[in-house]
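Each chain, letter by letter, is given below.
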Amino acid sequence: MTTEGAQEFYGRWATPYDVIARRTPGIQRLRRRVAAACQLEPGDTVVEMGCGTGANLPYLRERVGPEGTVVGIDFTGPVLERAREATAAYDNVHVLRADATTPPLPSSDRSAASDDEASVDDTGRSDVEVAGVDPGPIDAVLATFVVGMLEDPAGAVDDWCEFVRPGGHVVLANAARSDEWYAPPVNAVFRTIVVLSTPPTAKLRYEDDPHLRLDERIDAAHARLRERSVAVADETHVFGVVRLTGGRLPDSE
Ligand SMILES: C[S@@+](CC[C@H](N)C(=O)[O-])C[C@H]1O[C@@H](n2cnc3c(N)ncnc32)[C@H](O)[C@@H]1O
């Protein structure tokens, strides 16, 4: 999927997407669960990659409290406007227009941290500002329904792991075909949703079915997160269609 194709698609469909993102039966429960899987403490910093209209942001804010920091990153202007409106009441929730594969975030510099942990943990500050604020060490990165759109999903997961402090968490949630016994009708519905919600410009570029390509990308991203993590929580939700993987990163390398 091209950057322009995705931006045009989500920009044009920001309003209906926002309704689906917030009102689909079971979705609020799922969003609460992904926020919990980030294992945040009050005062922590969490970054959501591809935050869309910001449906996860209030749940992340709930976890980090008024002392914490929530940063939502997305490259589509109109969806970010909605995220901004939806979180206007919080002064510690920031939304930023940027590419999630090259976000302007400070690297946690994990190898340096193992030699000198104080450089990350004790100062608590970095010289990189995000949306006008210094986010400090990043405790968790979350990405829901995003990695299937990336050309190199495993590479993106690698990069996201580098931004998170040692011992922090990366959480992915994605819709992919179900393996459950009732899978055929669920998969048929899922396939229809994927085909309808794939930007037309992207459809022409697929050599195979969009839903198969999406599945491969999601598998690659979740597999890479498992490889990078020292502790993993794998769950399925919403009739087995939504896969959630939460990974805790090593304390040091
Ligand atoms: C299916 S929506 C999911 C939005 C949100 N995470 C949610 O759960 O509702 C995918 C979002 O990812 C964004 N996106 C896709 N690729 C991106 C990239 N490389 N950088 C930033 N945003 C990206 C799109 O603009 C879109 O808002």
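Under an unreviewed UniProt entry, the name given to the protein chain is Methyltransferase domain-containing protein, and the organism recorded is Natrialba swarupiae.

Caption draft 1: Up close: the nonpolar core. Formed by 28 residues in total, the largest nonpolar core has its most connected members in V47, M49, I73, V141, W160 and L172. Listed by contribution, the elements that provide at least two residues to this core are β1 (45-49), β2 (69-74), β4 (138-144), α8 (153-163), β5 (164-175) and α11 (210-228). Setting aside its immediate chain neighbours within four residues, I73 contacts V47, E48, M49, G50, C51, L96, A98, A100, P103 and L105. In terms of nonpolar packing, the next biggest core, distinct from the first, is built from 24 residues, L30, V64, A83 and A173 among them.

Caption draft 2: Fine view of the pairing of β4. The buried count for β4 comes to seven of seven residues, which makes it a mostly enclosed element. Direction of pairing for β1 relative to β4: parallel, over a ladder of three bridges. Residue V47 lies in a different strand from β4, and its bridge partner there is V141. Relative to β5, β4 runs parallel, the two sharing six bridges.

Caption draft 3: Quick peek at the site of the ligand. Of all residues adjacent to the ligand, which total 21 residues, the nearest are G50, D74, T76, A100 and T144. At 2.6 Å from an oxygen atom of the ligand is found a side-chain nitrogen or oxygen belonging to T76. Take T144: an N or O atom from its side chain is 2.6 Å from an oxygen atom of the ligand. When isolated, the ligand has an accessible area of 600 Å², and the protein chains bury 97% of it. A breakdown of the residues in the shell around the ligand according to their chemical character gives 12 nonpolar, five polar and four charged.

Basis of the calculations
- Residues numbered from 1 in each chain as written.
- Predicted model: local features only at pLDDT ≥ 70, side-chain atom pairs only at ≥ 80, totals over all residues.
- Heavy atoms only, no water.
- Core = buried A, V, L, I, M, F, W, Y, C linked by side-chain atoms within 4.5 Å.
- Buried < 20%, exposed > 50% of the residue type's maximum accessible area, 1.4 Å probe, protein only.
- Helix = DSSP H or I, 4+ residues; strand = E, 2+ residues; numbered from the N terminus.
- Contact = heavy atoms within 4.5 Å.
- Pairing = 2+ DSSP bridges.
- Near = heavy atom within 4 Å.
- Polar contact = N/O pair within 3.5 Å; in protein donor to acceptor, adjacent residues only side chain to side chain.
- Areas by Shrake-Rupley, 256 points an atom, 1.4 Å probe, with all protein chains shown as cover.
- Nonpolar A, V, L, I, M, F, W, Y, C, P; charged D, E, K, R; others polar.

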